[in-house]
Amino acid sequence: SSDLSGTLLFDMAFEDVNKKRNVGEFFFSNEYYVQAYDIFKEIALVAPNFEIYQKMGYAAQKNGDVALALDNYLKAQIFEDKQLWNLKKIGWCYRKLSQPAKALEYYKLAETQDPDNLGIATSIGRCLLELENYAEALKYYYKVEYLDTKNTKVLAPIAWCNYSTGKYDQSLKYCFKLIAVDPCPEIHVLAGHNCRKLGELKEAVEHYKNSIGCKGYTIQDLEEAIAADYKDDDGKDVGADNSLIIDYIKYSLEG
């Protein structure tokens, strides 16, 4: 049980930290992360080091406690602050905890260790996108696309960042690329937004209609997506236009 490490017998039998460490490692390598964490925590009280905190972080992560994982990865940093794996883990934790600015800080540090790592570049792009720094995010996503031509995961964020920076032609180009390989309702909707921006209303309606029924997407989903993401470049209210388009699509689907 997980309270094994707290028993008197255990402490007598494993007064030697190294022996205790062996037991902890046994639990850790056999994926008994709750027990491993408890033992490593005891060791950290008397003989803290980088690896112990890192393993505590990983055990906590595996136990589903991201905040506790982060706390331990940050403690590991005190002993060794340039290890790539640890930096990426801290970035990952901050992103999971909806703190993209802090995540970005650590992914940028990781980037200095491994500038050609496309996983890091993608993570930086994602943080920048979440921070609505679309122009900067695009630089990272384009880098990934250029260096990994088979990577289709970056197509959607590239389309979205282009749309968000007013590059509607470019965004539409990426929507079409994505529709060809992995169509999803959100991309059909984004293609519709771009066509509206380019004054192609008929095409926009067709794209919007294509989203309905794609992976269970409903007319209500479409209505919410248009209301949330389609804004006029000059700040004019587009609510009435949105309603007309939705009514027209409802009518054409019923017909």
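Residues numbered from 1 in each chain as written. Predicted model: local features only at pLDDT ≥ 70, side-chain atom pairs only at ≥ 80, totals over all residues. Heavy atoms only, no water.

Engineer: Can you help me understand helix α13 (residues 201–211) in this one?
Structural biologist: Looking at α13, one finds that the buried residues are Ala 204, Val 205, His 207, Tyr 208 and Ser 211. Relative to the axis of α13, the buried residues are bounded by an arc of 160 degrees and lie together on one face. Close packing links the buried residues of α13 with α11 (168–181), α12 (185–197), α14 (219–229) and α15 (239–254). Gly 213 sits one or two residues past α13 and shows a positive phi near 85 degrees. (Buried < 20%, exposed > 50% of the residue type's maximum accessible area, 1.4 Å probe, protein only. Helix = DSSP H or I, 4+ residues; strand = E, 2+ residues; numbered from the N terminus. Arc of directions from axis to C-beta. Contact = heavy atoms within 4.5 Å.)

Engineer: Quick question: what am I supposed to make of the packing of aromatic side chains here?
Structural biologist: The description of an aromatic ring pair rests on the distance of the ring centres and on the angle between the ring planes. Summed over the entire model, instances satisfying the criterion amount to 13 aromatic pairs. Consider the rings of Tyr 94 and Tyr 106, whose centres lie 5.9 Å apart with planes at 25 degrees: the pair is stacked. Taken as a pair, Tyr 94 in helix α6 (residues 84–96) and Tyr 106 in helix α7 (residues 100–113) lie far apart in primary sequence, 12 residues in all. Of the two residues, Tyr 94 and Tyr 106, neither departs from the other in class, the shared state being buried. Of note, Arg 196 hangs over the ring of Tyr 230, and the distance from its end group to the ring centre comes to 3.7 Å. Against the face of Tyr 230 rests Lys 197, its NZ or CZ located 4.6 Å from the ring centre. (Phe/Tyr/Trp six-rings, centres within 6.5 Å; stacked < 30°, edge-to-face > 60°. Lys NZ or Arg CZ within 6 Å of the ring centre and 35° of its normal.)

Engineer: What is the right way to look at the packing of α12 against α13 in this model?
Structural biologist: The relative placement of two packed helices comes down to the angle between their axes together with the axis-to-axis distance. Interaxial distance between α12 and α13 falls to 8 Å at its minimum, and their mutual angle equals 170 degrees. With respect to α13, the element α12 is oriented roughly antiparallel. Judged by residue contacts, Pro 185, His 188, Val 189, Ala 191, Gly 192, His 193, Cys 195 and Arg 196 of α12 engage Leu 201, Glu 203, Ala 204, His 207, Tyr 208, Asn 210 and Ser 211 from α13. (Axes fitted to C-alpha atoms, helices over the stretch in contact; angles between N-to-C directions. Parallel < 35°, antiparallel > 145°, perpendicular 65-115°, else oblique.)

Engineer: Explain the pattern of salt bridges to me, please; I cannot follow it from the model alone.
Structural biologist: When charged atoms on two side chains of opposite charge get close, those side chains can pair. This structure, assessed with the given rule, holds 16 salt bridges. Glu 51 is the partner of Arg 21 in a salt bridge, and the nearest nitrogen-oxygen pair spans 2.9 Å. A residue pair is termed long-range when its members are at least 10 positions apart, and Arg 21 in helix α2 (residues 17–29) and Glu 51 in helix α4 (residues 50–62) qualify at 30 residues. What makes Arg 21 buried here is its relative accessible area of 18%. Glu 51 sits in the partly exposed class, given a relative accessible area of 38%. Among the salt bridges present, the one from Glu 51 reaches Lys 55, with a minimum N-O distance of 3.3 Å. (Salt bridge = Lys/Arg side-chain N within 4 Å of Asp/Glu carboxyl O.)

Engineer: I'm lost on the packing of α11 against α12 in this one. Help?
Structural biologist: Between α11 and α12, the least distance of the axes is 9 Å, while the angle of their chain directions is 150 degrees. By the angle between their directions, the pair α11 and α12 is classed as roughly antiparallel. Once α11 is placed against α12, the crossing between them reads as left-handed. Within the contact between the two elements, α11 uses Tyr 168, Ser 171, Leu 172, Cys 175, Leu 178 and Ile 179 and α12 uses Ile 187, His 188, Leu 190, Ala 191, Asn 194, Cys 195 and Lys 197. Of the residues belonging to the contact of α11 with α12, the class tally is 9 nonpolar, 3 polar and 1 charged. (Left-handed = near helix turned anticlockwise from the far one by under 90°. Nonpolar A, V, L, I, M, F, W, Y, C, P; charged D, E, K, R; others polar.)

Engineer: Would you mind going over the state of the cysteines with me for this structure?
Structural biologist: Under the counting rule described, the total for this entry stands at 0 disulfides. Just so you know, Cys 161 is unpaired, no disulfide at all, and the nearest cysteine sulfur is the one on Cys 175, 12 Å from it. Of the residues examined, Cys 161 reaches a relative accessible area of 0% and is grouped as buried. As a non-bridged cysteine, Cys 184 has Cys 214 as the owner of its nearest cysteine sulfur, 6.7 Å distant. Overall, Cys 184 belongs to the buried group, its relative accessible area being 18%. (Disulfide = S-S within 2.5 Å.)

Engineer: What is the right way to look at unusual backbone geometry in this model?
Structural biologist: Trans peptide bonds make up most of the peptide bonds, and negative phi angles are found at most residues other than glycine. The backbone of Glu 31 shows a phi angle near 65 degrees, a positive value even though the residue is not glycine. Within the fold, Glu 31 resides in the loop between α2 and α3 (33–46). Here the phi dihedral of Ser 98 falls at roughly 55 degrees; this positive angle occurs in a residue that is not glycine. Turning to its location among the elements, Ser 98 is positioned in the loop between α6 and α7.

Engineer: How should α14 be read in this particular structure?
Structural biologist: Residues spaced three or four apart along an α-helix point in a common direction, a consequence of the helix completing one turn every 3.6 residues. Listed in full, the buried residues belonging to α14 are Ile 219, Leu 222, Ala 225 and Ile 226. Mapping the buried residues of α14 onto a view down its axis gives an arc of 120 degrees, with all of them on the same face. Tucked into the core, α14 has its buried residues touching α12, α13 and α15.

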